[in-house]
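Architecture at a glance
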Amino acid sequence: MAASTTPIRSQLSVLLTLTHTEIQIAQTRVVQARTEAVADELRENAENGRVRAIAIEKVLRELGGIPEITRPLVGRGVALGKTVLEQAQPLDEALLGDLALEQQLLGRAKYVKALGTAHDLDSVVALADTLIDAHSATVDWLTTVLAEEAIGGPAALRRTPTQWASGVLATAVTLPGTVIARGADRVIDTVTRVPQRVGGLRSAAKETTENLRSTAKETTETVAVTLTAGRDAALEAAEEAARDTGATGIAETIHSARVATGTITADDLPIEGYDDLTVGSAVSAIKELDKPSDIRLVVDYEEAHKDRQGVVSAAQTQLASIAKEIAGTN
């Protein structure tokens, strides 16, 4: 028996280490939760991971294996190293790392089920089924969060300050070639063709074009110049044009500038009379929105002015529904 179940014991040992890594990651993600509901979900995920770890240890002992005392420490160490390293990554890369871990857990759980079936070990098959259900759900959740991030948020998880900065840097590095090829000229052209909104900004727009063609650093400086010279209307027009032409990098840079400087007002929102709405009315209105950019605009305004968790949570739920449809995780 001992020799024949060696592959199962080996896989269970690896699963145990990876599960401890998963627990630690869920705990570290709590501080990035956008809402308390998401934080509670992550805490529950960590607790469920502990339950799974105990179940794995139990079956491992039944098969004559002895869980290594160092397994939890190794798992936590791996998670700590991952957490430190990913602070230099954009959020999407960190989430892709989480997804890779869950997919490995899922794949190993399916392999363990096959091994258990081959050896007629009902306890192993039952454990594997539990693991498969849990990791399948987490894979779907992470896939949805990535889709939320891709369509502009608000994702269930916030970027840390370091991840936000690295995300901007990553955009900046790819901006010259991408924007010049796919949208910079059209963005500036759109701005200059809206005189009633931008007024005397033709020279500033030309300067912006030249800056976009040079370096990512100059792109950031151009946003500041445009903010000063063209004020709110120019930034709004530029952001809309950038999104329309697929230049998402520059659109996000401009949008961040608008949010940071408080240039988004209630009049910019896709919900009329937003400032006068109760939480219930705001939630109902958000449920009618189907454009991610509209939902994000509401969240940015809400978090900057009212910060009502019920409203932010409803917006995140609405966006998650859209993301699930895109990612095919419904």
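Residues numbered from 1 in each chain as written. Predicted model: local features only at pLDDT ≥ 70, side-chain atom pairs only at ≥ 80, totals over all residues. Heavy atoms only, no water.

1. Digging into the nonpolar core
- Core analysis: the biggest nonpolar cluster contains 38 residues, and Leu12 and Trp141 have the highest contact counts within it.
- Elements represented by at least two residues in this core include exactly helix H1 (6–29), helix H2 (36–62), helix H4 (91–118) and helix H5 (122–150).
- When residues of this core are assigned to their parent elements, the largest contribution, 10 residues, is made by H5.
- Leu269, Ile271, Ala282 and Ile295 belong to the second-largest nonpolar core, a separate cluster that totals 19 residues. (Core = buried A, V, L, I, M, F, W, Y, C linked by side-chain atoms within 4.5 Å. Buried < 20%, exposed > 50% of the residue type's maximum accessible area, 1.4 Å probe, protein only. Helix = DSSP H or I, 4+ residues; strand = E, 2+ residues; numbered from the N terminus.)

2. Comments concerning unusual backbone geometry
- With a phi angle near 55 degrees, Asp120 is a residue other than glycine that sits in the positive phi range.
- Asp120 sits in the exposed class, given a relative accessible area of 67%.
- For Asp307, which is not a glycine, the phi torsion comes out positive at approximately 55 degrees.
- Inspection of the secondary structure assignment puts Asp307 in the loop between helix H13 (292–305) and helix H14 (309–327).
- Taking the relative accessible area as the measure of exposure, Asp307 reaches 42% and is therefore partly exposed.

3. Digging into the confidence of the model for the protein
- Mean pLDDT over the protein works out to 75, with 64% of the residues at or above the 70 mark.
- By mean pLDDT, helix H6 (residues 161–182) is the weakest element of the protein at 45, and helix H12 (residues 279–286) is the strongest at 94.
- Low pLDDT, under 50, characterises residues 162–185; the predicted model gives this stretch 38 contacts beyond four residues in sequence or across chains.
- Scored below 50 in pLDDT, residues 222–231 shows 16 contacts in the model against residues more than four places distant or in partner chains. (pLDDT = per-residue confidence, 0-100. Contact = heavy atoms within 4.5 Å.)

4. Brief notes about the packing of H2 against H5
- Orientation of H2 relative to H5, taken along the N-to-C sense of each, is 160 degrees, at an axis distance of 11 Å. Judged on the interaxial angle alone, H5 and H2 are roughly antiparallel. When you trace H2 past H5, the crossing you get is left-handed. Seen from H2, the contacting residues are Val38, Glu41, Leu42, Arg52, Ala55, Ile56, Val59 and Glu62; seen from H5, they are Ser123, Val124, Leu127, Leu131, Ala134, His135 and Trp141. (Axes fitted to C-alpha atoms, helices over the stretch in contact; angles between N-to-C directions. Parallel < 35°, antiparallel > 145°, perpendicular 65-115°, else oblique. Left-handed = near helix turned anticlockwise from the far one by under 90°.)

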